[in-house]
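Here are the chains, one letter per residue:
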Amino acid sequence: EAGVVQSPRYKIIEKKQPVAFWCNPISGHNTLYWYRQNLGQGPELLIRYENEEAVDDSQLPKDRFSAERLKGVDSTLKIQPAELGDSAVYLCASSLTGEAFFGQGTRLTVV
Amino acid sequence: AQSVTQPDIHITVSEGASLELRCNYSYGATPYLFWYVQSPGQGLQLLLKYFSGDTLVQGIKGFEAEFKRSQSSFNLRKPSVHWSDAAEYFCAVGLLYNQGGKLIFGQGTELSVKP
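Analysis parameters
Residues numbered from 1 in each chain as written. Chains lettered and ligands numbered in written order. Predicted model: local features only at pLDDT ≥ 70, side-chain atom pairs only at ≥ 80, totals over all residues. Heavy atoms only, no water. Pairing = 2+ DSSP bridges. Helix = DSSP H or I, 4+ residues; strand = E, 2+ residues; numbered from the N terminus. Axes fitted to C-alpha atoms, helices over the stretch in contact; angles between N-to-C directions. Contact = heavy atoms within 4.5 Å. Salt bridge = Lys/Arg side-chain N within 4 Å of Asp/Glu carboxyl O. Polar contact = N/O pair within 3.5 Å; in protein donor to acceptor, adjacent residues only side chain to side chain. Nonpolar A, V, L, I, M, F, W, Y, C, P; charged D, E, K, R; others polar. Core = buried A, V, L, I, M, F, W, Y, C linked by side-chain atoms within 4.5 Å. Buried < 20%, exposed > 50% of the residue type's maximum accessible area, 1.4 Å probe, protein only. Disulfide = S-S within 2.5 Å.

A short note on the sheet that holds strand E3 (residues 19-24) of chain A
Residue and element names in this part refer to chain A. Pairing within the open sheet is antiparallel, and its four strands lie in the order E1-E3-E8-E7. Because the sheet does not close on itself, it has two edges, and the strands there are strand E1 (5-7) and strand E7 (65-68). Going from strand to strand, the sheet's axes swing by 15 degrees on average, the running direction of each strand aside. Relative to strand E8 (residues 75-79), E3 runs antiparallel, the two sharing five bridges. Within E8, the residue paired with Ala20 across the bridge is Lys78.

Overview of the interface of chain A and chain B
Taken together, the contacts link 20 residues of chain A with 19 residues of chain B. Counting every contact that joins chain A to chain B gives one salt bridge. Its salt-bridge partner being Lys49 of chain B, residue Glu99 of chain A comes within 2.9 Å of it at the nearest N-O pair. Summed over the shared surface of chain A and chain B, the result is seven residue pairs in polar contact (both at pLDDT 80 or more). Those elements giving two or more residues to the side of chain A that touches chain B turn out to be strand E4 (31-37), strand E5 (44-50) and strand E10 (100-102) of chain A. Each residue belonging to the side of chain A that touches chain B can be placed in one class, and the counts come to seven nonpolar, eight polar and five charged.

Concerning the nonpolar core
Where a protein is soluble and globular, its nonpolar side chains tend to be buried together. Of all hydrophobic cores here, the largest spans 29 residues; its most connected members are Leu19, Trp35, Leu47, Leu48, Phe74, Leu76 and Tyr89 of chain B. The leading source of residues in this core is strand E10 (residues 87-94) of chain B, at four residues. Trp34, Ile47, Leu108 and Val110 of chain A belong to the second-largest nonpolar core, a separate cluster that totals 21 residues.

A few points about the state of the cysteines
Residues and elements named next belong to chain A. What the rule picks out here adds up to two disulfides over all chains. There is a disulfide in this structure between Cys23 and Cys92, and the S-S distance comes to 1.9 Å. Here the S-S torsion is close to -70 degrees, and the disulfide linking Cys23 with Cys92 is therefore left-handed. Residue Cys23 is found in strand E3, and its partner Cys92 is found in strand E9 (residues 88-95); the two are separated by 69 residues along the sequence.

Some remarks on the pattern of salt bridges
The final tally for this structure, using the stated rule, is ten salt bridges over all chains. The residue Asp57 of chain A makes a salt bridge to Lys62 of chain A at a minimum N-O spacing of 3.7 Å. With a relative accessible area of 28%, Asp57 of chain A lands in the partly exposed category. With a closest N to O distance of 3.3 Å, Arg77 of chain B and Glu66 of chain B form a salt bridge. Placement of the pair is Arg77 of chain B in strand E9 (residues 73-78) and Glu66 of chain B in strand E8 (residues 64-68), with a sequence separation of eleven residues. Because the salt bridges share partners, they merge into one network encompassing Arg36, Arg64, Glu83 and Asp86 of chain A.

Some details on the environment of Lys49 of chain B
Among the structural elements, Lys49 of chain B can be located in strand E6 (residues 44-50). Along the sequence, Lys49 of chain B and Trp35 of chain B sit 14 residues apart, while their C-alpha atoms lie 6.6 Å from each other. Ignoring anything within four residues of it in the chain, the contact list for Lys49 of chain B reads Glu99 of chain A together with Leu33, Phe34 and Val57 of chain B. A distance of 2.9 Å separates polar atoms of two side chains, one belonging to Lys49 of chain B and the other to Glu99 of chain A.

Structure, rendered in C-alpha cells:
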C-alpha cells in the first residue's frame, strides 16, 4: 500500500513569491493534516481536514496561507506571498483510526 | 494547556548499549501517546502507540515504551542500540477528537550512536 505522497520534496523561492505543496493521503484515510516543522523543533499543526471540511485551521496564518482538499482526497497548501520566516519543512499526514502516517515532507527555503 | 516535554535534546550511546528516551506530557484526559522517528531529510515514521490497555507497548525495530499515568510519562526504550537507530525521536500526545484531534509533539531528542 502506498504511503502519504508529497510533492515537491524541495522548493527554493524568493520572498514574496507564491508556492504550493501537494499531498496525496493514504487511500481511505478521511483525516488529513498539514504540519510545519521548523529546524530543531517538533511539527506543529497548521490545519486538519475531516473529509472535505477544515475542522481545525486555528493555527493557519490566513493572511498568506490557504489550503484546500477537494473531493476529500488530495490536498494543496499554498503560501502567497512567502516570507523568509516560512522556511521550514511542510509535512502532510493522514489518519483513519487515530494514528497519523506522515509523508516525506517538502523542505521550503525562502531566500 | 496540553504539552509534551522531552528533557534530553541530544543523547549519545554506544552501539549495543541500552537506550531510554524520556517523555513527559501534560493532558487532562487519558492520552493517546505516540513515538515517531525521523531520519535526516525524511518524514516521521511511527514506532509505537498507546491507546489503552497494557501499559507496556511493543513497537517496530525492537523498541518498547511504558505508559506511567502517575508520572505522566511515556519513555521509549531499546535493550541494544544499533548504528542505524541514529535519528531524531519525537514523542507526541494525540488529543481526543472533540479537543481538536491533533498531535502535539515534543521538541525531539537527537540520538547519536558511537561505534
